[in-house]
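# Structural features, examined
Each chain is listed here by its residues.
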Amino acid sequence: MRHGVPDRLPVAATLARRAAELAMAMRPMAGDPGIRLKGAQDWVTEADVAVERLLAAGLAEAFPQDGFVGEETGTARDGAFQWVVDPIDGTSNYARGGGRWCVSVGLLHEGEAVLGVIDAPVMREVFVGVAGAGGADACATLNGMPIRISRTTEAGRAMVECGWSPRVAVADYVALCGKVAGAGAMLRAGGSGALGICDVAAGRLDAYLERHINLWDIAAGLAVLHGAGGVANDFIGAGSGALGGPVRASTPGLATELARIAGW
Ligand code: LIP
């Protein structure tokens, strides 16, 4: 594992578990008045804020020298190692009593995703991904068992999730779905970018595309994806870390064709 990751992995896993238990305890019934509308179709619940506070406090206590970025509180600190957390990814599913949501804890080192822990308590699934030292010994697991991407190389044989949020015009999303389906792929949409990218890592999907997504949604998932042999566009290197941007996560064999199909 990369320097600094071995001592951070168990702390991240423990805190993600505690955060998932808190989110479960605060899980709203559909239509709960406690849900505050952050924007059209973008829900933030009281749990979102409480869970992020638990993660921020635990990580600051364990690693005061590390930086921290959270969806609800934004950038709190910079550091060579920077934690990037989404307290509840799949918030809309969570807010309606659904089960496809997770706590996502990612760690960047000098702008590279080197560790990811994604805990989906209703699904009883915990994904872990670690970058290798110099590209070697990278790995990814689901509930402790190794996972690997699929071998799909053609869009016509692929299953592809296309994510959406109100940050993107509906017409653009519909056009993307039309192009992906027109290439022969089967479409999926699940409402959690983190879990969608983990499904690519586990071979359940062959690609995850989204025109605009935020760093906290995918930081942990990128570590899981790379640990499982998957590839993605250089999200951080392209300057999308601060304000979000496009993500194309897939098997290596699909990367070029999907970039052509998406047009971004
Ligand atoms: C979600 C993203 C997902 C997107 C959803 C939503 P949140 O984040 O992870 O990729 O398609 O619309 O934005 O808001 O649930 O943390």
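Within any chain, residue numbers begin from 1 and follow the written order of that chain's sequence. At least 70 in pLDDT is required for a residue's local features to be given in this predicted model, at least 80 for side-chain atom pairs to be given and counted, and no such filter applies to totals for whole chains, interfaces and linings, which use all residues. Calculated side-chain values reflect all of the structure's heavy atoms, with hydrogen atoms and water omitted.

## Some details on the overall build of the chain
Broken down by element type, the chain carries eight helices and 15 strands. Just to be clear, the radius of gyration here is over C-alpha atoms, and the globule rule we use is 2.2 Å times residues to the power 0.38. Taken against the 2.2 N^0.38 rule, which gives 18 Å for 264 residues, the C-alpha radius of gyration of the chain at 17 Å falls within 12% of a compact globule. Each principal axis of the C-alpha atoms in the chain carries an extent, and together these give about 50 × 50 × 35 Å. With a 1.4 Å probe rolled over the protein chains alone, any residue whose accessible area is under 20% of its type maximum counts as buried; one over 50% counts as exposed, and the rest are partly exposed. Expressed as a percentage of its 264 residues, the buried residues of the chain come to 52%. What makes two residues a contact is simply this: any of their non-hydrogen atoms within 4.5 Å. Across the chain, every contact between residues at least 6 apart in sequence was considered, and the portion connecting residues at least 24 apart equals 63%. Values of accessible area rely on a 1.4 Å probe in the Shrake-Rupley scheme; residue burial ignores everything except the protein chains shown. Taken as a whole, the chain presents about 11,000 Å² of accessible surface, with 56% of it coming from carbon and sulfur. Positive charges come from Lys and Arg, negative ones from Asp and Glu, while His and the chain ends are left out of the count. To locate a charge, the coordinates of NZ of Lys, CZ of Arg, CG of Asp or CD of Glu are taken. If the 22 positive side-chain charges of the chain are averaged to one point and the 28 negative ones to another, these points end up 5 Å apart. Here a strand is any run of E in DSSP of at least two residues, a helix any run of H or I of at least four, and the numbering for each starts at the N terminus.

## Points about the nonpolar core
Each nonpolar core is a collection of buried residues, namely Ala, Val, Leu, Ile, Met, Phe, Trp, Tyr and Cys, held together in the definition by side-chain atoms within 4.5 Å. Ranked by size, the top nonpolar core spans 29 residues in total, and within it L55, W83, V103, V105, L115 and V117 carry the most contacts. Listing elements by their share of this core, those giving two or more residues are α1 (5-25), α2 (46-62), β5 (81-89), β6 (102-109), β7 (112-120) and β8 (125-130). If you tally residues by element for this core, the top one is α1, at eight residues. Sequence-distant contacts of V105, that is, excluding residues within four places in its chain, are made with A12, A16, L55, W83, V84, V85, L115, G116, V117 and A220. In this structure, V69, V84, V200 and I218 belong to the second largest nonpolar core, which totals 19 residues.

## Considering the site of the ligand
Definition of nearness: a residue and a molecule or strand are near each other if at least one heavy atom of the residue lies within 4 Å of the molecule or strand. Taken together, 17 residues form the shell around the ligand, and within it D89, G90, T91, W164 and E210 come nearest. Definition of a polar contact: a pair of N or O atoms within 3.5 Å, with one able to donate and the other able to accept a hydrogen when the atoms are protein atoms, and with sequence-neighbouring residues admitted only if both atoms are side-chain atoms. T91 is positioned with one of its backbone polar atoms (N or O) 2.7 Å from an oxygen atom of the ligand. Interatomic distance of 3.0 Å between a backbone N/O atom of G193 and an oxygen atom of the ligand. Surface burial for the ligand is 91%, taken as the share of its 370 Å² of free accessible area covered by protein chains. For the shell around the ligand, the elements supplying multiple residues, two or more each, are β5 and β13 (207-213). Residues belonging to the shell around the ligand are distributed by class as follows: four nonpolar, six polar and seven charged. Ten residues, namely Ala, Val, Leu, Ile, Met, Phe, Trp, Tyr, Cys and Pro, are considered nonpolar, four, namely Asp, Glu, Lys and Arg, are considered charged, and the remaining ones, Gly among them, are considered polar.

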